[in-house]
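# Analysis of the macromolecular model
In case you want the letters, here they are:
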Amino acid sequence: MQKRDPESFMREEYEKLVAADLDWKLRTLEGPTGPRAVVDGKRSIVLCSNNYLNLSNHPKVKEAGRRAMDTHGAGSGSVRPIAGNMDLHEELERRIARFKHRQAALYYMSGFAGNAGLIPTLAGEGDALFTDELNHGSIIDGVRLTKATRFIYKHNDVADLERALKEADPKFKKLLIISDGVFSMDGDIAPVGDIANLAEEWGAMVYIDDAHGEGVLGEGGRGVASHFHVEEKIHVELGTFSKALGVVGGYVAGSNDLRNYALNKSRTWLLSGTPTPSTTASCIAAIDVLETEPQHVQKLWENTRFFKKELVSLGFDIGRSETPITPIMCGDPTTAKKLSQRVFELGVFALPIVYPMVAKDKARIRTIMNAGLTKDDLNEALAAFEKAGNEVGLLK
Ligand SMILES: *Cc1c(COP(=O)(O)O)cnc(C)c1O
């Protein structure tokens, strides 16, 4: 009998991806990310980072991190329930709660860890869970870890959600509705106000993942719940520091009950180390900046409106975006890849999004605006898209 080769499946799978041109080809940044960065040795305008407000380069955010390294060391030495709970973590959680206008917050290693660790504790056997068909992968993984019965409702379709609630009730004990606040592939916003009102009618819990809403939507960048003025009706707001806040780490914000529960139940929090003192202090400083310097969010939106308007007048289809995420629809994957490659040669870093991340005929380049880009940068990027768009036959 032939001996097994325990690793061969990885090579075979990888070769299949390469043959289909579906493997990730990583580009490398030398030096900091920012509105402009050196990507694969080339100085480029960056239109695919989540660093919306360029806070990763803000002097206060960097200085806070440097200082905490000196005062608190490089790591916390433990998970938080044992010996790793530092004053910095507690301070950050108070600051998150204040910023989000909530009673309390709990800081996780990442937003992904928040979803994967908390969702399975909120609904179990005998409960029903309602999830938007386009929810983020970290929600999907969290949902897969529950024994709850799942109802997948049509994207942003409140009538379909209501249909599912009717179908489920009264067979289940708890009802839990989960949605992204902003959907990162199309840049559209969930009808969080309608979802919250519907949930109230049915006594359902509402869980909103606001990874792309914070620092972008709502008063002072407080996020999608603030945007719809329904903060008190959202039971769990999950957020991240890895996007507009420019650092890394996740959190959930809500009631004191939520924090007490999550802290005692969620295994990705109980059994995983803590973000470093440096990271934690930078997160505090990022909230400080959001609370004291409204110009970053304003500039983000100014840039966004200009860029969208100009793309449309050039003749591009920008889909259904309502946020600083603006897709440039290409149709087939080959066009999207060619367009991305060509604009990269022209000095613009913007990645194609293709199947399986989106439907086969919905390939696009996804651009994400940055508050640090100037009018000249945007005009340069638009000229590159115009030139490349003509070359690949997308503009007629
Ligand atoms: C990016 C993202 C996450 C993951 O956040 P991290 O803190 O980077 O792990 C979760 N949910 C959504 C909707 C996201 O876009």
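Higher on the page you've got the structure.
Structural notes, computed from the coordinates. None of these values were measured; they are calculated from a predicted model. (Residues numbered from 1 in each chain as written. Predicted model: local features only at pLDDT ≥ 70, side-chain atom pairs only at ≥ 80, totals over all residues. Heavy atoms only, no water.)

### Describing the overall build of the chain
Rules: Numbered from the N terminus, helices here are DSSP runs of H or I no shorter than four residues, and strands are runs of E no shorter than two. For a compact globule the rule gives 2.2 Å times the number of residues to the power 0.38, and the radius of gyration it is set against comes from C-alpha atoms. Residues are treated as being in contact if the distance between any of their heavy atoms lies within 4.5 Å. Computed with the Shrake-Rupley method and a 1.4 Å probe, the accessible areas treat only the protein chains shown as cover for residues. Counted as positive: Lys and Arg. Counted as negative: Asp and Glu, with His and the chain ends omitted from the count. To locate a charge, take NZ of a lysine, CZ of an arginine, CG of an aspartate or CD of a glutamate.
Counting its regular elements, the chain contains 15 helices and 14 strands. Its C-alpha atoms give the chain a radius of gyration of 22 Å, within 12% of the compact-globule value 21 Å for 396 residues. Dimensions of the chain along its principal axes, counting C-alpha atoms only, are 60 × 55 × 55 Å. Contacts in the chain between residues far apart in sequence, at least 24 positions, make up 71% of those at least 6 positions apart. When the accessible surface of the chain is totalled, it reaches about 18100 Å², and 53% of it is carbon and sulfur. Across the chain, 49 positive and 54 negative side-chain charges occur, with their mean positions spaced 2 Å apart.

### Comments concerning the site of the ligand
Rules: Residues are labelled near a given molecule or strand when at least one of their non-hydrogen atoms is within 4 Å of it. Distance and chemistry together define a polar contact, namely a pair of N or O atoms within 3.5 Å, with one atom able to donate a hydrogen and the other to accept it when in protein, and with adjacent residues in sequence counting only for side-chain atoms on both sides. Amino acids outside the nonpolar list (Ala, Val, Leu, Ile, Met, Phe, Trp, Tyr, Cys, Pro) and the charged list (Asp, Glu, Lys, Arg) are all regarded as polar, and Gly is one of them.
Around the ligand lies a shell formed by Ser-110, Gly-111, Phe-112, His-136, Ser-138, Asp-180, Asp-209, Ala-211, His-212, Thr-240, Ser-242 and Lys-243. A distance of 3.2 Å is found between an oxygen atom of the ligand and a side-chain nitrogen or oxygen belonging to His-212. The side chain of Ser-242 places a nitrogen or oxygen atom 2.8 Å from an oxygen atom of the ligand. Contact with the protein chains covers 87% of the free accessible surface of the ligand, which is 380 Å². Residues that form the shell around the ligand fall into these classes: two nonpolar, seven polar and three charged.

### Concerning a nonpolar patch on the surface
As a reminder of what qualifies: Patches here: salt-bridge-free residues with over 30% relative accessible area, like charges joined within 9 Å, nonpolar side chains (Val, Leu, Ile, Met, Phe, Trp, Tyr) joined within 5 Å. For salt bridges, the criterion is a side-chain nitrogen of Lys or Arg within 4 Å of an Asp or Glu carboxyl oxygen. The rule is simple: take the accessible area with a 1.4 Å probe, protein chains only, and divide by the maximum for that residue type; under 20% is buried, over 50% is exposed, in between is partly exposed.
There is a patch of nonpolar side chains on the surface, built from Leu-17, Leu-22 and Tyr-355 and spanning about 240 Å² of accessible area. Relative to the elements of secondary structure, Leu-17 occurs in helix H1 (residues 8-19). Classification of Leu-17 as partly exposed rests on a relative accessible area of 38%.

### A closer look at helix H8 (residues 192-202)
Turning to H8, its buried residues are Val-192, Gly-193, Ile-195, Ala-196, Leu-198 and Ala-199. Taken together, the buried residues of H8 touch strand S6 (149-153), helix H7 (158-168), strand S7 (175-180), strand S8 (205-209) and helix H9 (224-227). At the C-terminal side of H8, Gly-203 shows a positive phi close to 65°.

### Regarding the packing of aromatic side chains
The condition is simple: Here the aromatic set is Phe, Tyr and Trp, taking the six-membered ring for Trp, and pairing holds for ring centres within 6.5 Å; pairs whose planes are under 30 degrees apart are stacked, those over 60 apart are edge-to-face, and all others are tilted. In this scheme, the term charge over a ring applies when either NZ of a lysine or CZ of an arginine sits within 6 Å of the ring centre and within 35 degrees of the ring normal.
Evaluated as defined, the whole model comprises six aromatic pairs. Pairing Phe-151 with Phe-172 gives two aromatic rings, centres 5.9 Å apart and planes at 85°, and the pair type is edge-to-face. With Phe-151 in strand S6 and Phe-172 in the loop between H7 and S7, the pair connects residues that are 21 residues apart, well separated along the chain. Using a relative accessible area of 12% as the deciding quantity, one classes Phe-151 as buried. With a centroid separation of 6.3 Å and an interplanar angle of 80°, the aromatic rings of Phe-316 and Phe-385 are classed as edge-to-face. Here Phe-316, found in the loop between helix H13 (295-314) and strand S11 (325-331), pairs with Phe-385, found in helix H15 (residues 375-391); they are 69 residues apart in sequence, far enough to count as distant. For Phe-316, a relative accessible area of 6% puts it in the buried group. Clustering of aromatic rings is evident, with ring pairs tying together Tyr-107, Phe-241 and Tyr-251. Directly above the aromatic system of Phe-344 lies the positively charged group of Arg-27, at a separation of 3.7 Å from the ring centroid.

### Comments concerning the sheet that holds strand S12 (residues 348-349)
Short version of the rule: Note on pairing: two strands pair once DSSP finds at least 2 bridges between them.
Taking strand neighbours across the sheet as the criterion, the four strands line up as S1-S2-S3-S12 in an open arrangement whose pairing is mixed. One side of each edge strand has no neighbouring strand; the edge strands of this open sheet are strand S1 (29-30) and S12.

### What about the packing of H7 against H8?
Rule in force here: Convention adopted: a line fitted to C-alpha atoms gives each axis, helices being fitted over their contacting stretch, and angles between N-to-C directions are expressed from 0 to 180 degrees. Geometric relationships in this document are graded by angle, where less than 35 degrees denotes roughly parallel, more than 145 denotes roughly antiparallel, 65 to 115 denotes roughly perpendicular, and other angles denote oblique. Crossings are classed by handedness, with left-handed meaning an anticlockwise turn of the near helix from the far one by less than a right angle and right-handed meaning a clockwise turn.
Contact pair H7 / H8: the axes reach a minimum separation of 10 Å and the direction vectors enclose 15°. With respect to each other, H7 and H8 are oriented roughly parallel. In this structure, H7 crosses over H8, and the sense of that crossing is right-handed. Where H7 approaches H8, its residues Val-158, Leu-161, Glu-162, Leu-165 and Lys-166 are matched on the opposing element by Asp-194, Ile-195, Leu-198, Glu-201 and Trp-202. Here the contact of H7 with H8 is composed, by residue class, of six nonpolar, no polar and four charged.

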